[in-house]
Amino acid sequence: MSQSSDLIQSAQRTIRLEVEAVKGLLPHIDADFVRACEMILASKGRVVVLGMGKSGHIGNKIAATLASTGTTAFFVHPAEASHGDMGMITRDDIILALSNSGSTNEIVTLLPLIKRQGIKLISMTGNPDSPLSKAAEINLNVHVEHEACPLNLAPTSSTTAALVMGDALAVALLEARGFTAEDFAFSHPGGALGRRLLLKVETVMHAGAELPQVQRGTLLKDALMEMTRKGLGMTAIVEADGKLAGIFTDGDLRRTLDRTIDIHHTTIDEVMTVHGKTARPDMLAAEALKIMEDHRINALVVVDKDDRPVGAFNLSDLLRAGVM
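Not measured: the values here are computed from a predicted model.

Further remarks concern the UniProt feature "domain: CBS" (unreviewed entry) in the protein chain. As recorded in UniProt, the feature "domain: CBS" (unreviewed entry) lies at residues 205–263 and 272–324. Helix makes up 34% of residues 205–263 and strand 24%. Its end C-alpha atoms lie 28 Å apart.

This part covers the UniProt feature "domain: SIS" (unreviewed entry) in the protein chain. Under the UniProt annotation, the feature "domain: SIS" (unreviewed entry) is placed at residues 36–179. Structurally, residues 36–179 is divided into 44% helix and 17% strand, and its ends, taken at the C-alpha atoms, are 18 Å apart.

Turning to unusual backbone geometry, a few remarks are in order. What is expected of a backbone is that most residues other than glycine have negative phi and most peptide bonds are trans. Here the phi dihedral of Asn-152 falls at roughly 60 degrees; this positive angle occurs in a residue that is not glycine. With respect to the helices and strands, the residue Asn-152 is situated in the loop between strand 5 (138–141) and helix 8 (157–177).

Turning our eyes to something else, we now look at the pattern of salt bridges. Under the defined criterion, the tally for this structure stands at 13 salt bridges. Taking the shortest distance from any N to any O, the salt bridge between Glu-239 and Arg-216 comes out at 3.0 Å. Taken together, the positions of Glu-239 in the loop between strand 7 (234–238) and strand 8 (244–249) and Arg-216 in the loop between strand 6 (213–215) and helix 12 (220–230) put the pair 23 residues apart, joining distant regions of the chain. Linking Asp-252 and Arg-255 is a salt bridge whose minimum nitrogen-to-oxygen distance equals 2.8 Å.

We now examine the sheet that holds strand 11 (residues 299–303). Overall, mixed pairing links the three strands, which are arranged 10-11-12 in an open sheet. Each edge of the sheet is formed by a strand with only one pairing partner; in this case those strands are strand 10 (278–279) and strand 12 (309–314). When strand 10 meets strand 11, the two strands line up parallel, connected through two bridges. Counted as the bridge partner of Thr-278 is Val-301 from strand 11. Here helix 14 (residues 285–295) sits on the sheet and contacts strand 10, strand 11 and strand 12; the angle it forms with strand 11, its principal contact strand, is near 130 degrees.

On the basis of which strands lie adjacent, the open sheet formed by five strands has the order 2-1-3-4-5 and parallel pairing. Only two strands of the sheet have a single partner each, and these edge strands are strand 2 (73–76) and strand 5. The average undirected angle you get between the axes of adjacent strands in this sheet is 20 degrees. Together, strand 1 (47–51), strand 3 (94–99), strand 4 (120–125) and strand 5 form the strand contacts of helix 2 (residues 31–42), whose direction differs from that of strand 5 by roughly 125 degrees. Each of strand 1, strand 2, strand 3 and strand 4 is contacted by helix 3 (residues 53–68), which is oriented at about 160 degrees to strand 2, the strand it contacts most.

Here we take up helix 3. Here helix 3 contains 16 residues, and its C-alpha end-to-end distance of 23 Å stays within 8% of the 22 Å for a straight helix at 1.5 Å per residue. The complete set of buried residues in helix 3 reads Ser-55, Gly-56, Ile-58, Gly-59, Ile-62, Ala-63, Thr-65, Leu-66 and Ser-68. Downstream of helix 3 by one or two residues, Gly-70 has phi in the positive range, about 105 degrees.

This part is about the side chain of Ser-158. Examined against the element boundaries, Ser-158 turns out to sit in helix 8. Within polar-contact distance, the side chain of Ser-158 engages the side chain of Glu-147 at 2.6 Å. The contacts of Ser-158, once residues within four sequence positions are left out, are Asn-100, Val-144 and Glu-147.

Note that soluble globular proteins tend to have their nonpolar side chains buried in a common cluster. Leu-96, Leu-98, Ile-122 and Met-124 are the most contacted members of the largest nonpolar core, which totals 29 residues. At six residues, helix 8 tops the list of elements feeding residues into this core. Residues within four places of Met-124 in sequence aside, it is in contact with Ile-62, Leu-96, Ala-97, Leu-98, Ser-99, Asn-139, Leu-140, Val-142, Ala-162, Met-165 and Gly-166. Ile-89, Ala-97, Ile-114 and Ile-119 belong to the second-largest nonpolar core, a separate cluster that totals 18 residues.

With that settled, the discussion passes to the packing of helix 1 (residues 2–23) against helix 8. Packing of helix 1 against helix 8 leaves a shortest axis separation of 9 Å and a crossing angle of 40 degrees. Between helix 1 and helix 8, the angle is such that the two are oblique. Crossing hand, helix 1 versus helix 8: right-handed. On the side of helix 1, the interface is formed by Leu-17, Glu-18, Ala-21 and Val-22, while helix 8 contributes Ser-157, Thr-160 and Val-164. Class assignment for the residues of the contact of helix 1 with helix 8 results in four nonpolar, two polar and one charged.

This part takes up the environment of Leu-253. Within the fold, Leu-253 resides in helix 13 (residues 250–258). C-alpha of Leu-253 to C-alpha of Leu-224: the two residues are 29 residues apart in sequence and 8.8 Å apart in space. When sequence neighbours within four positions are dropped, the list of residues in contact with Leu-253 reads Leu-224 and Phe-248.

Rules used in this analysis
- Residues numbered from 1 in each chain as written.
- Predicted model: local features only at pLDDT ≥ 70, side-chain atom pairs only at ≥ 80, totals over all residues.
- Heavy atoms only, no water.
- UniProt positions renumbered as here; feature names shortened; annotations may be inferred.
- Helix = DSSP H or I, 4+ residues; strand = E, 2+ residues; numbered from the N terminus.
- Salt bridge = Lys/Arg side-chain N within 4 Å of Asp/Glu carboxyl O.
- Pairing = 2+ DSSP bridges.
- Contact = heavy atoms within 4.5 Å.
- Axes fitted to C-alpha atoms, helices over the stretch in contact; angles between N-to-C directions.
- Expected span 1.5 Å × (residues − 1).
- Buried < 20%, exposed > 50% of the residue type's maximum accessible area, 1.4 Å probe, protein only.
- Polar contact = N/O pair within 3.5 Å; in protein donor to acceptor, adjacent residues only side chain to side chain.
- Core = buried A, V, L, I, M, F, W, Y, C linked by side-chain atoms within 4.5 Å.
- Parallel < 35°, antiparallel > 145°, perpendicular 65-115°, else oblique.
- Left-handed = near helix turned anticlockwise from the far one by under 90°.
- Nonpolar A, V, L, I, M, F, W, Y, C, P; charged D, E, K, R; others polar.

Written out as structure tokens, the structure is:
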């Protein structure tokens, strides 16, 4: 029990120290942070992220986050940069260099070349008085009082702070660019995320002969037969001119039966939901899912620009498509 208690206390202490480190960043979201964002937004080039060791791992993640949220970015290893990879960086680019000490030799070695080529430099360091900070046009201060490591040696709180600052930078740029969910989807076409963000309603809906629909005035028993034949748990009801008049679902049927209505003599007009919520064929399936969740409904009619039904789908269709 004693060892278990020690392990829990150690883990909790680590988390508390790293939470404090992240909170300590708030005063550093200042004019320098704004200048860094403005510099990147005005740039015609890419953001090139540099970092050694643990800072390199964090830099890799920051570059990936920037690239997936609308800011073209990639990571270059500083040691490789000294052996040819500087050729990947152009004068239009901006270098974002990470070093907690601000004096990492492999990065400091590159500073004269960066200056000679006139490449703009943003540093992210824990020491504003370091060689890297002083060489940069802008320094993002990620200073932490203590590492979570009890020896105050292993990069822990400092790398967490750098990672969070990178996220803050990426999200601020994302919002400034007006980056949308659809933009995000084109950076994430694979897997469940891509399906959620790229799939359109027209891909999952049942159309043509598969679309359940009846005319106004149809007897309820005949509307139920249409629902049974098409198997979507609903039917659209259309006006004489083909426009949507309403929708009738399994849920409506249960409520109707509670009223002891005679299905052989009642028309669908008397029990349908007038018009109801709809989707458009070019709408993202994820948007349609949100409509269904917000209004607690299991199916949607898809209408064209003239409000004429062209398709229908239900939650099972979205589930099979991997949208939910």
